[in-house]
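# Observations on the three-dimensional arrangement
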Amino acid sequence: MDPNGGSSSAGAADGASDPAAARRRHSKKPKYSRFTQQELPACKPILTPGWVISSFIFVGIIFIPIGLASLFASERVVEIVHRYDTDCVPASYRNDMLAYIQSNETNKTCTRTFLVPKQMKSPVYIYYQLDNFYQNHRRYVKSRSDKQLRSRASENDTSSCDPEDVTANKSAIVPCGLIAWSLFNDTYGFSVNNTLLGVSKKNIAWKSDQQHKFGSDVYPKNFQSGGLIGGAKLNSSIPLSQQVDLIVWMRTAALPTFRKLYGKIEVDLEANTELTVVIENNYNTYSFGGKKKLVLSTTSWIGGKNDFLGIAYITLGGLSLFLAISFLLIYIIKPRPLGDPTFLSWNRNPAGHFNFN
Amino acid sequence: MTRGRIRAKLRQSHLYTFTCFRQGTADAEAPHSFDGPGFSRIVYCNQPQVHSKKPLYYTSNNISTTKYNIITFLPKAIFEQFRRVANLYFLLAAILSLTPVAPFSAVSMIAPLAFVVGLSMAKEALEDWRRFIQDMKVNTRKASIHKGNGVFGFKPWQRIRVGDVVKVEKDQFFPADLLLLSSSYDDGICYVETMNLDGETNLKVKRSLEVTLPLDDDGTFNDFRATIKCEDPNPSLYTFVGNFEYERQVYPLDPSQILLRDSKLRNTAFVYGVVIFTGHDSKVMQNATQSPSKRSRIERKMDQIIYILFTLLVVISLISSIGFAVKTKYQMPDWWYLQPNNTTNLYNPKKPALSGIFHLVTALILYGYLIPISLYVSIEVVKVLQATFINQDIHMYDEETGNTAQARTSNLNEELGQVDTILSDKTGTLTCNQMDFLKCSIAGSAYGSGSSEVELAAAKQMAIDLEEQGNELSNFPMHKNSTGDSWNNTSALGATEIELETVVTSKDEKEHKHVIKGFSFEDIRLMGGNWSKEPNADVIELFLRILAVCHTAIPERNEEIGGFNYEAESPDEGSFLVAAREFGFEFCKRTHTSVHVRERYVSSGQPVEREYQILNLLEFTSKRKRMSVIVRDEDGQIFLLCKGADSIIFDRLAKNGRMYEEATTRHLNEYGESGLRTLALAYKKLEESEYSAWNSEFMKAKTSIGPDRDAMLERVSDAMERELILVGATAVEDKLQKGVPQCIDKLAQAGLKLWVLTGDKMETAINIGFACSLLRQGMKQICITVNPDVQTQDGKENLLLFTTDQAVKENILMQITNNSQMIKLEKDPHAAFALIIDGKTLEHALADDMKHQFLGLAVDCASVICCRVSPKQKALVTRLVKEGTGKTTLAIGDGANDVGMIQEADIGVGISGVEGMQAVMASDFSIAQFRFLERLLVVHGHWCYKRIAQMICYFFYKNIAFGLTLFYFEAFTGFSGQSVYDDWYMLLFNVILTSLPVISLGVFEQDVSSEVCLQFPALYQQGPRNLFFDWYRIFGWMGNGLYTSLIIFFLNIIIFYDQAFRSAGQTADMSAVGTTMFTCIICAVNCQIALTMSHFTWIQHLFVWGSITTWYIFLLLYGMTSPLFSGTAYQILVEALAPAPMYWCATLLVIVTCNLPYLVHISFQRSFNPMDHHIIQEIKYYRKDVEDQYMWTRERSKARQETKIGFSARVDAKIRQLRGKLQKKQSPTATNVQTPLS
């Protein structure tokens, strides 16, 4: 690696008297170790038909039960999805829903009723689902200040919150940024047979968010006080750590269609119960044509209703079993004894021309 | 010391031709007159203090071969790093990441780059540090310097200054370029070994000016003052021009007074010298050049892949920026939550084009994960480790020289696995360059019953062939009855294998038998003094006397055994002296005017020391091809003793000197056939008057000055070397190196072609060709030579040089086309051709208009031997093969004359034997013996090729798999440039989480063990055929990456779509989806590499499974850090993901789905289209090789490329021949006999 340096010094090194040279010569001999000679004990697994078939069978018999279990769990989940964005706009405004939602005068309250198809065991989770809402847009995602949310001392740390960082008179907005500013502000009130159902907001946010990311000494300040009102307003006497709706909202969703936890109903809902929901339809999804849905769902061990996982597992398990059988048939029909030298290229092609493919 | 004392105070100046010039030349030769540029150096001897200030300040003797120093390291090393396009791209990305354009935080761009560049730089720094330490060792070496007042003291080398007087003792290196002032010999000569400069091992003589001879004692330097005016520092080792001004006289200086740094004082007790050039001014340092940097084929292809990926990167960036512009223009105005009216140019719906351009930059950074940032650094790490394994290989360690194999550059390891053609030097590479006196022909009778290796090999082969025949015949009846007749064929082959091995072992035994180096003569007629009883005893005596007297060697007393060793210029000469010693003519002493020979067995029986006065010495040159001495014996008779090439000597014989010509010629031919080197010996008696007349002529010629001096000398010498009387001829064996025929055989079986390029004459080259089985009987030899007829004819008839040249050319072209035609028309598939061409013809054949025809012919021939080629032609042939065939070439050689070829070839291998360092210094790999080439190529080359190929494919796979998921996610974010992963995950992806497994793949993977590689040379062909790095495979892996990315992304997206992902009702936010996806990627790519590997040591297990574990540990620890640091990933594993069965289910599903197609592919391939290494793995796995050793041996001997050279080819040819005969006999009776072998 070093043609010039070596020439002067490597040569010079040989100049010592003979015994020393002999010693050095001896020391130049590489020491034997299994590592340096690349002879470390190794396991060299090869794909024998046995291994191939059994691994496919193994995948099959592991996956199909998992698939069945999750499909079963998913089937048990009761889910009510109710779209209300259009229905909650009075017929007169149907042609200009944007005007309806942006107007301060219109009555935003809307009452919807629907049947509970199956018994829903408590807790029944209430979600709102938005559509075509790019909560994962880079401009949106970046527009927040974790420091400010966490402690009062960093209240003025709003540099990353552009364009919703400070008010016109340069005092910091708490919480700043587009995410907080566009906080969802529809509300739902539930009643069965005119009895109000309590909506619990307990534990709908991650505990770690409440305890460590949203400070208990940080209170909303200058929030939604600018010319442009985004979404919900916050009660400035409640510290951020208690503003669970904000906390949930600020966990940005991965996809433009997303659900967020609104609360939970902590009583069982019997089948065929008529559920009345009073919706305050405040949030503007009309300008970008987003749907709004109210979702009531129970959960199982795999979470909400999701047949895909079960189907995918069953399909893959089935495919594996199919492959196992195909390989088995192939090995029976056209067996190749393992380590049979007749399959070596020089035996397959005795002309001496090698064919490796 | 003792040796020095013996020779001290001798005047030897008459011994060497050039010293004779001195007589009367001191005044005849005028000092050089020069001034002007190039000759400005002035040195004030013994006044070094003068040189400590300008303008006479010269560079210090401190040498530094380092590339950097503390200050320049950072800028220079960084500059070097960013000359790589990929690194430059990442640098730009890192700089841009500081702007708001960047999709990631700056740290996640800068940290991996810093890591990767830092690692490369650390490697550079380490290498440079080693160089620095080496330099320091040299710089602090002590030398004895005149300190004033005639006192000498020791000083480190680096403090030696120009003008210092230095005393160098025996076996020490010269610390700088010195002017020789005086030596321990009173005629001021000294012997110098220049091995480190030009690789020549023989000693060279230097002599001082006559005027400085009295300065031979420490004290005399007290008031020594002189001035040297000389040339400026330059790299020419063999020239020096200068004047020496001493005591108001000016004397000219020439190279014979200059002692060069790094050469070594030998056989001289001490010398005094004055320093002229120090440090980097010295000739050796001026000579240091970097060898050209070479890149392997795989790496060049890898660059193409990187370009493909760059294109892909640009394409998807364009797609996403166009998508972004469209979205921004038409949809973003409706997205009130982004405040589209209050935005920067990055997201301005009013200026979608501008935003789109900004986004293009963002996208180029974001998708940068398609280009593996750590690829270069990982490959570098892997190659260094591979090189370490090559260096450490105990099987390539040579006990005799104590040299290991050395990968001098690590970037060609994988190229070793793809070699197609080997171009080999002969002397010192195939042969030992150690001559053994084996036979002689004296007075027309041949002596010496020992047999050369060629004869031995031939005899062995005969024995084998006979045995084969026996086997075949005895087997035949059974053969006819047995059902599976392939058995018998293979038994014959099995036997061959065993025989081959016995040849090897028996040769080893033979080597141990030799006690006397250079002498393996066996003939009692001459041994032990018996020669005196031979009929021609007087001629024999003369013969031996010529051996003992006509040479330029120096005897060295060997204290241990009491005899003499000889320092000879050529090994031939050494072997002659050893032979003469064994026959009783022990050359024991050389003085400046005479040679002393201790002669035993002369009638009296007592050793008598005779003195031969050397009158003149006519040196050997490659042009003259002879040397002569003119001696006066004790009786006062003058003889001219001459030895030289037979053709030259025969031309110069007197009419009465041709008595033995016929017999000797016959013997010479016999010797030639057995692969021996021959020289003819002759003498002539001179009359006193005749001699003195000639001598005065000779002296005149010598002292003359001018361009025609050499021609004059040549003419005068020529006049003397005539009318000779032939005495006899010698035959020495140029011994083949150990294991060469076997190695050639194996290499041929591995499908490699071997070309021999040698400076030797055609006959010798052909002999050696036979000795190493490159040629065999029955091979059609195509000799392309300049047809002498054409030349002479044209020479007579047409004196125009041009026409002659043209005719010669046409003639050669005709020979080439005729022979090509002949090969094409050849029907027999087993016919083998050998091309033999000499240097003169090659000159024409390498011309632009003919070289392709020549190459075409050469490629069709099984072996090619080029003789009488110059170093330049060697390089040209190498280039022709390299560029003409487009295949990988490997050049192997040991001497300075091979440097051109070594540097030209794709891979240069130097033999680190006795011939010095030049070839090794220029080479990429050095091995101690030719036979290690087999292991270097077939084991290390094969492994390294597969490792690097697999590693690169996997690298691209994993980065495509990861990079594309970013792109898909983009489409779901309105192409806004948001990444789904945390910055830290991405940062760790290339650097930590996937790098170690791939490095362990690159360093430790073995498809089959080293023994199997050697036993099945055909496996090597996987490399030259490039089965593991062809586009099919590369695109296969890229496709696999694409598939993996699709599966990872879409399965996760669908699974985590909108519903709750855990029983507590929470939905998955971006960090949960991102983390799950990333988990899937890490697990999938690491499982993939586990499927790719076929060799798991604990290291692979640790790295592969450790990487997955590291990811979870990282996630755990990262989640525990402050939320300000970890952001959305805070507590993600503990709180959100780990308790959710969905997370684990999704991971499992994705991993299995990703790897299933590959598993199916390899299962299917192994079942129906197994490659050779698969089957061998299976045989080994089921230990079938142990159970069925017969099958194993059979397959081993079958596992070779169809080869037309080597031992095995000989055997094959023989078997075919016998089989043909048998078939003829049997075919009428037994029709069912098959010949499966053919």
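These remarks concern the structure in this document. (Residues numbered from 1 in each chain as written. Chains lettered and ligands numbered in written order. Predicted model: local features only at pLDDT ≥ 70, side-chain atom pairs only at ≥ 80, totals over all residues. Heavy atoms only, no water.)

## Some points on the overall build of chain B
For chain B, the helix and strand inventory stands at 42 helices and 33 strands. Within chain B, buried positions represent 61% of all 1238 residues. Within chain B, residue pairs in contact and separated by at least 24 positions form 74% of the contacts whose partners lie at least 6 positions apart. Surface summary for chain B: the accessible area is close to 47500 Å², and the carbon and sulfur share equals 57%. (Helix = DSSP H or I, 4+ residues; strand = E, 2+ residues; numbered from the N terminus. Buried < 20%, exposed > 50% of the residue type's maximum accessible area, 1.4 Å probe, protein only. Contact = heavy atoms within 4.5 Å. Areas by Shrake-Rupley, 256 points an atom, 1.4 Å probe, with all protein chains shown as cover.)

## A look at the pattern of salt bridges
Residue and element names in this part refer to chain B. This structure, assessed with the given rule, holds 51 salt bridges over all chains. E380 is the salt-bridge partner of K123, the closest N and O atoms lying 3.5 Å from each other. Of this pair, K123 sits in helix α6 (residues 106–139) while E380 sits in helix α11 (residues 375–392), placing them 257 residues apart in sequence. Given a relative accessible area of 17%, E380 falls into the buried group. Between D393 and R935 there is a salt bridge whose closest N-O contact spans 2.6 Å. On the criterion of sequence distance, the pair formed by D393 in the loop between α11 and β14 (406–407) and R935 in helix α29 (residues 932–972) is long-range, its members being 542 residues apart. Each member of the pair, D393 as well as R935, is classed as buried. (Salt bridge = Lys/Arg side-chain N within 4 Å of Asp/Glu carboxyl O.)

## Here's the deal with the sheet that holds strand β2 (residues 109–115) of chain A
All names here are of chain A. The strand order across the open sheet formed by 4 strands is β2-β8-β4-β5, and the pairing between neighbours is antiparallel. The two strands at the open ends of the sheet, each matched to only one other strand, are β2 and β5 (195–197). Across this sheet, the average inter-strand angle for adjacent strands is 30°, counted without regard to direction. The sheet contact formed by strand β4 (residues 187–192) and β5 spans 3 bridges and is antiparallel. Bridge pairing in β5 places S191 opposite L196. (Pairing = 2+ DSSP bridges. Axes fitted to C-alpha atoms, helices over the stretch in contact; angles between N-to-C directions.)

## Quick look at the interface of chain B and chain A
Facing 142 residues of chain B, the contacting portion of chain A comprises 120 residues. With both sides pooled, the region where chain B packs onto chain A buries about 11800 Å², and carbon together with sulfur makes up 60% of that total. Sorting the residues of chain B by area buried against chain A places W336(B), Y337(B) and Q339(B) first, and these three jointly supply 7% of that buried surface. On inspection of chain B and its partner chain A, the count reaches 4 salt bridges. For the interface between chain B and chain A, the tally reads 35 residue pairs in polar contact (both at pLDDT 80 or more). Counting residues per element, the side of chain B that touches chain A draws most heavily on helix α38 (residues 1141–1168) of chain B, which supplies 18 residues. In terms of residue class, the side of chain B that touches chain A is made up of 68 nonpolar, 48 polar and 26 charged. (Buried area = accessible area lost by both parts, 1.4 Å probe. Polar contact = N/O pair within 3.5 Å; in protein donor to acceptor, adjacent residues only side chain to side chain. Nonpolar A, V, L, I, M, F, W, Y, C, P; charged D, E, K, R; others polar.)

## A closer look at the nonpolar core
Note on soluble globular proteins: their nonpolar side chains tend to be buried together. In terms of nonpolar packing, the biggest core is built from 145 residues, with Y981(B), Y985(B), F1029(B), F1061(B), F1078(B), W1111(B) and L1149(B) touching the most fellow members. The residues contacting F1061(B), other than those within four sequence positions of it, are W206(A), I302(A), G303(A), F1056(B), Q1066(B), T1067(B), A1068(B), A1072(B), A1136(B), L1137(B), A1140(B) and M1142(B). One finds I80(A), Y84(A), F288(A) and F324(B) within the second-largest nonpolar core, a separate group that totals 71 residues. (Core = buried A, V, L, I, M, F, W, Y, C linked by side-chain atoms within 4.5 Å.)

## Here's the deal with the sheet that holds strand β3 (residues 151–156) of chain B
Residue and element names in this part refer to chain B. Read across the sheet, 6 strands follow the order β3-β2-β4-β13-β5-β11 without closing on themselves; strand pairing throughout is antiparallel. Every interior strand has two partners, whereas the edge strands, β3 and β11 (258–259), have only one. Of the strand pairs in this sheet, strand β5 (residues 177–183) and β11 are connected by 2 bridges, and their pairing is antiparallel. In the sheet register, L179 faces β11, and the bridge partner there is I258.

## A closer look at the environment of S320(B)
Residues and elements named next belong to chain B. Structurally, the position occupied by S320 is in helix α9 (residues 297–330). Classification of S320 as buried rests on a relative accessible area of 0%. Ignoring any residue separated from it by four or fewer positions in sequence, one finds S320 in contact with H359, A363, Y367, F967, E970 and F975. At 3.2 Å, the side chain of S320 and the side chain of Y367 are in polar contact.

## Overview of the packing of aromatic side chains
For any two aromatic rings, the description comes down to two numbers: the centre-to-centre distance and the angle of the planes. Evaluated as defined, the whole model comprises 84 aromatic pairs over all chains. Relative to F698(B), the ring of W694(B) has its centre 4.7 Å away and its plane inclined at 15°; by these criteria the two rings are stacked. You can see W694(B) and its partner F698(B) sitting in helix α18 (residues 688–703), 4 residues apart, about one turn around the helix. Exposure remark for F698(B): the relative accessible area of 1% places this residue in the buried category. Among the aromatic residues, those joined into a cluster by ring pairs are Y128(A), F133(A), Y140(A), W181(A), F184(A), W249(A), F258(A), Y283(A), F288(A), W336(B) and Y337(B). The ring of Y100(A) carries the charged tip of K108(A) above its face, separated from the ring centre by 5.9 Å. (Phe/Tyr/Trp six-rings, centres within 6.5 Å; stacked < 30°, edge-to-face > 60°. Lys NZ or Arg CZ within 6 Å of the ring centre and 35° of its normal.)

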